[in-house]
Each structure stands twice: as structure tokens, then as C-alpha cells.
Amino acid sequence: MPRLSILTLSLLPWIPVVLCWVTTVDEVSVLEGGSITVPCRYDPKYANHVKYWCSGSMREFCTSLARTDETSSTNPSKDKVSIFDDPAQEMFTVTMNNLKETQSGWYLCGVELGNGWKADDVAYTKVKVIHGVSVVNSMVSGEEGSSVTVQCLYSERFRESEKKWCRSGGWSSCLSTGSEGSYEDTSVAISDDRTGTFTVTLKKLQMRDAGWYLCSAGQQQVAVQVQVRPRASTTTEPVTSPPTPSQSAVYLPPPKPITKESWNSHRYMLESIAVCSSLLLLVGLAVLARKLWILHKEDSELRHFKEMKERFPDNPSGMSDLQYVPIAFHNKATMDVRAY
């Protein structure tokens, strides 16, 4: 019984963890130089408890970055880390600004229980700070004649880099912001705020503007798809009867590209066809060779018969009687013939 009591007391600090009274997102990714806001939800019974944001993968050894019982700043958007508790929503949020790649790692949302018999209730999240380029929306669409806007985001190390907007597949189509940080013509306007975003506006859209484009900063780039819808007709169209089955449009799926996998799936069939074709060719050549050999043999016999006729021109009974004439071959090499 005493052992059971000790075991029960040792498990008490971990009861809140098992019950998950505090929850948050599993992972957050952000471009270097950007900001994140992490929501931490808690049970209503923790409404009056102190909340905190901690850096580290272990609760006992983490570094506290912000607490709700500390004086909050009047301008959280400029603070490195700020925390705000909203008991009505049963949630507190943490904001981190101007993040560096070295700040990637594990963090935790914590609720301080203030009781030596219970460990604080916490929830872990992983923060990834990366450098590169991204977009707010990877696909934008607009009606023919209208305008669309693309927001391209970049990390801190690309703030002074040249920004480009390119049509996919042709670098000669790239439009650059240059040293002024902006570009504009009759169809495209590019503006860089030098803080992490450059905006591309496509004006007076035409159907040929549809396609894939690239936001580029330094050597980094990200793809964006632009879709253009036909201009809506303002005239009243006559009512027509529904099409008959023979008139119905048939949807044809786009052709599948030839890939390594599709080639491999047909390779064995092609090899079988090649082997069969080779065998048929060999059989044909063999038949042709045999026919040529037979023709050559018959021609040799005919020439031999003519030679015999020339050697025995005085045979009264004709060459048909040669079968009764004894012939001796004394020299196979010269085929000399002597009759007796």
C-alpha cells in the first residue's frame, strides 16, 4: 500500500500533460525577418493563472521570453516578443518579430500552476525560420480587362537584392525593379517596400496573359499561376434549346506526358515486337537463300547437259539415249568425259 501511494504521488505532476489542458499548433514556418503569432488555448479553469512563452525543448530548462504578469509594451508590433491573454476567448497569443534563422527551434506555451505538487501545464510547438521567397497566393485570377495583384514575400537577406517578375520559360521576359525598387509600364507595375514584400500588379488583363510566372529575389524564386476569365457579355442572348446528345460537347482529357514510368510499362511489349520481327526477317532470308540455291543447282545441271550435247553431236538417237552410254570420269577437276 505505501508503494502504491508513492507511485500515485509521483504521477500527479504529469496529469495535466495527459489531459492536454493547454494546446497549440504543431509547427510554424516564417521567412527570415518576418513575424509570427502563435495561439495557445487553455482550459477555462486557467483563466486567472499566469501564462508564459518559453524557448527550449524541456520545460525544466527552457528560457522564459515573455510572461503575462510582466509589464506589457505599448507597441507590441516593434517588440521582439510580446504576449497577450484573452480570458474571454480562453486563449493567449505570442508574437515574435524580425525573426532570425538562428531562432529556429522548439518553444512552449505554458500555464503556471504555482503548486509544488503539480508541474506547469505546457504545449510545444516548433518554429522554423527560413530564408527565400514565397507568395501570399500561389494562384490569382481576374476577368479580362481587369487587374490582379500578386504579393511576393522575401526574407531579410534579400532586402537589397533586385526583384524580378518573369514569365515562366523565358528569362528574356523578366521585368526588374532596378535600384529604384519599382517598375511600371502600361501592363505591369512592380513596387518593393524594402521590408519583405514586393507587389506585382497586372493591368488590363488579356487572355494571352494567362499562364505561369515567377517571383524572384536574388537567386530564389517561386511560381505563381495567373488565370484570366473571358469578359462577361452584356448583351441578351437568345434562348436556345438544349443540345442533343449528338451535339453535346465531349470532354477530352489532356494528353499524358511521356514519363520514365510510362516508357518502362511499354518496354517489354516493344522488346517482344522487336524479337518477333527479327525472327520473321531471319526466316524470310533463309527461304530466299534456299530458293537461290535451288535455282543455282538447276542452272548447273542445265549447263552440264548442254556440254554433253556439244561433245556428242553425232548421236543419232539424240540426247535422250545418253542414259545407255557408259561414261568414265578420269579427272574430276577438269570433268573430262570419255565415252566407250
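Each chain has its residues counted from 1, following the order in which its sequence is written. It should be noted that, the model being predicted, local features are given only for residues of pLDDT at least 70 and side-chain atom pairs only at 80 or more, the latter also being counted only at that level, while totals for whole chains, interfaces and linings use all residues. Only hydrogens and water are removed before side-chain values are computed, so all heavy atoms of the structure are retained for them.

The protein chain has the name Polymeric immunoglobulin receptor in an unreviewed UniProt entry, where Oreochromis niloticus is given as its organism. Database annotation for the protein chain, UniProt heading Subcellular location (unreviewed entry): "Membrane". UniProt positions are given in the numbering used here, feature names are shortened, and annotations may be inferred rather than shown by experiment.

K.L.:
I'd like a rundown of the overall build of the protein chain, residues and numbers included.
P.N.:
Each helix and strand in the protein chain was counted, giving three helices and 21 strands. Relative to its 340 residues, the protein chain shows a buried fraction of 27%. Of the contacts formed within the protein chain by residues at least 6 apart in sequence, a portion of 56% connects residues at least 24 apart. Only the protein chains shown count as covering a residue, and every accessible area follows the Shrake-Rupley method with a 1.4 Å probe. When the accessible surface of the protein chain is totalled, it reaches about 23500 Å², and 58% of it is carbon and sulfur. Runs of E in the DSSP output that reach at least two residues are strands. Runs of H or I that reach at least four are helices, and both are numbered from the N terminus. Burial status follows relative accessibility: with a 1.4 Å probe on protein chains alone, a residue under 20% of its type maximum counts as buried, one over 50% as exposed, and anything between as partly exposed. Whether two residues are in contact is decided by their heavy atoms, any of which lying within 4.5 Å being enough.

K.L.:
Give a detailed account of the sheet that holds strand β10 (residues 133–135), specifying residues and quantitative values.
P.N.:
DSSP bridges decide pairing: two strands pair if at least two such bridges lie between them. If you walk across this open sheet you meet the five strands as β10-β12-β17-β16-β15, and the pairing is antiparallel. In this open sheet, the two edge strands, each paired with only one partner strand, are β10 and β15 (182–184). In this sheet, neighbouring strand axes are inclined to one another by 20° on average, regardless of whether the strands run parallel or antiparallel. Here three bridges tie β15 to strand β16 (residues 188–192), and the two strands are oriented antiparallel to one another. Angular values range over 0 to 180 degrees, each being the angle between N-to-C directions of two axes fitted as lines to C-alpha atoms, with helices fitted over their stretch in contact.

K.L.:
Outline unusual backbone geometry, listing residues and values.
P.N.:
We note that Asn-98 has phi near 50°; this positive angle belongs to a residue other than glycine. As for its position among the elements, Asn-98 is in the loop between β7 (91–96) and β8 (105–112). Asn-98 sits in the partly exposed class, given a relative accessible area of 30%. Even without being a glycine, Lys-204 presents a positive backbone phi close to 50°. Position of Lys-204 among the secondary structure elements: in the loop between β17 (197–202) and β18 (211–217).

K.L.:
Mind laying out the nonpolar core, listing which residues take part and the relevant values?
P.N.:
One finds Val-150, Trp-165, Val-200, Leu-202 and Cys-215 to be the most contacted residues of the largest nonpolar core, which totals 23 residues. Counting only elements with at least two residues in this core, the list comes to β10, β12 (148–154), β16, β17, β18 and β19 (220–229). Sequence-distant contacts of Leu-202, that is, excluding residues within four places in its chain, are made with Ser-146, Ser-147, Val-148, Trp-165, Ser-187, Val-188 and Val-226. Here, the term nonpolar core denotes a set of buried Ala, Val, Leu, Ile, Met, Phe, Trp, Tyr and Cys residues that are joined through side-chain atoms within 4.5 Å. Formed by 22 residues, the second largest nonpolar core is a distinct cluster that contains Val-38, Cys-40, Trp-53 and Val-94.

K.L.:
Now, about a nonpolar patch on the surface: what can you tell me, with residues and values included?
P.N.:
Patches draw on residues past 30% relative accessible area with no salt bridge. Two like charges within 9 Å are joined, as are two nonpolar side chains (Val, Leu, Ile, Met, Phe, Trp, Tyr) within 5 Å. We define a salt bridge as a contact between a side-chain nitrogen of Lys or Arg and a carboxyl oxygen of Asp or Glu at a distance within 4 Å. Taken together, Val-275, Leu-279, Leu-281, Leu-282, Leu-285, Leu-288, Leu-292 and Leu-295 make up a surface patch of nonpolar side chains, about 810 Å² in accessible area. Summarising the element assignment, Leu-282 is placed in helix α3 (residues 260–311).

K.L.:
Kindly report on the state of the cysteines, identifying the contributing residues and their values.
P.N.:
Simply put, disulfide is the name for a covalent bond between the sulfur atoms of two cysteines. In plain terms, two cysteine sulfur atoms within 2.5 Å form what is called a disulfide here. In the structure shown here, the tally under the stated rule is four disulfides. Two residues, Cys-40 and Cys-109, share a disulfide whose sulfurs are 1.8 Å apart. Judged by the sign of its S-S torsion, about -45°, the bond between Cys-40 and Cys-109 is left-handed. You can see Cys-40 sitting in strand β3 (residues 36–42) and its partner Cys-109 sitting in strand β8, a full 69 residues away along the chain. Residue classification places Cys-40 among the buried positions, given a relative accessible area of 0%.

K.L.:
Explain the pairing of strand β6 (residues 81–86) to me, and be specific about the residues and the numbers.
P.N.:
Sheet topology note: the β6/β7 ladder contains six bridges and is antiparallel. If you follow Ile-83 over to β7, its bridge partner there is Val-94. Linkage of β6 to β7, two consecutive antiparallel strands, is achieved through a turn of four residues, within which Glu-90 is found at a positive phi near 55°.

K.L.:
Before we move on, can you summarise the packing of aromatic side chains with the specific residues and values?
P.N.:
For Phe, Tyr and Trp, where Trp contributes only its six-membered ring, two rings pair if their centres lie within 6.5 Å, and the inter-plane angle classes them as stacked under 30 degrees, edge-to-face over 60, or tilted in between. Summed over the entire model, instances satisfying the criterion amount to four aromatic pairs. Between the aromatic rings of Trp-165 and Tyr-213, the centroid separation amounts to 5.0 Å while the plane-to-plane angle is 10°, which identifies the pairing as stacked. Here Trp-165, found in strand β13 (residues 163–167), pairs with Tyr-213, found in strand β18; they are 48 residues apart in sequence, far enough to count as distant. Accessibility expressed as a relative area gives 7% for Tyr-213, which makes it buried. Sitting above the plane of the Tyr-154 ring, Lys-163 keeps its charged end 4.4 Å from the centroid. Geometrically, a charge over a ring is one whose NZ (Lys) or CZ (Arg) sits within 6 Å of the ring centre while staying within 35 degrees of the ring normal.

K.L.:
Kindly report on the pattern of salt bridges, identifying the contributing residues and their values.
P.N.:
Overall, the coordinates contain 12 salt bridges when judged by the stated rule. In this structure, Asp-85 engages Lys-51 in a salt bridge whose closest nitrogen and oxygen atoms are separated by 3.2 Å. One end of the pair, Asp-85, is in strand β6; the other, Lys-51, is in strand β4 (residues 50–55), with 34 residues separating them in the sequence. Exposure class is identical for Asp-85 and Lys-51. Each is buried. The salt bridge involving Arg-157 is made with Glu-101; its shortest N-O contact spans 3.1 Å. Residue Arg-157 is located in the loop between β12 and β13, and its partner Glu-101 is located in the loop between β7 and β8; the two are separated by 56 residues in the primary sequence.

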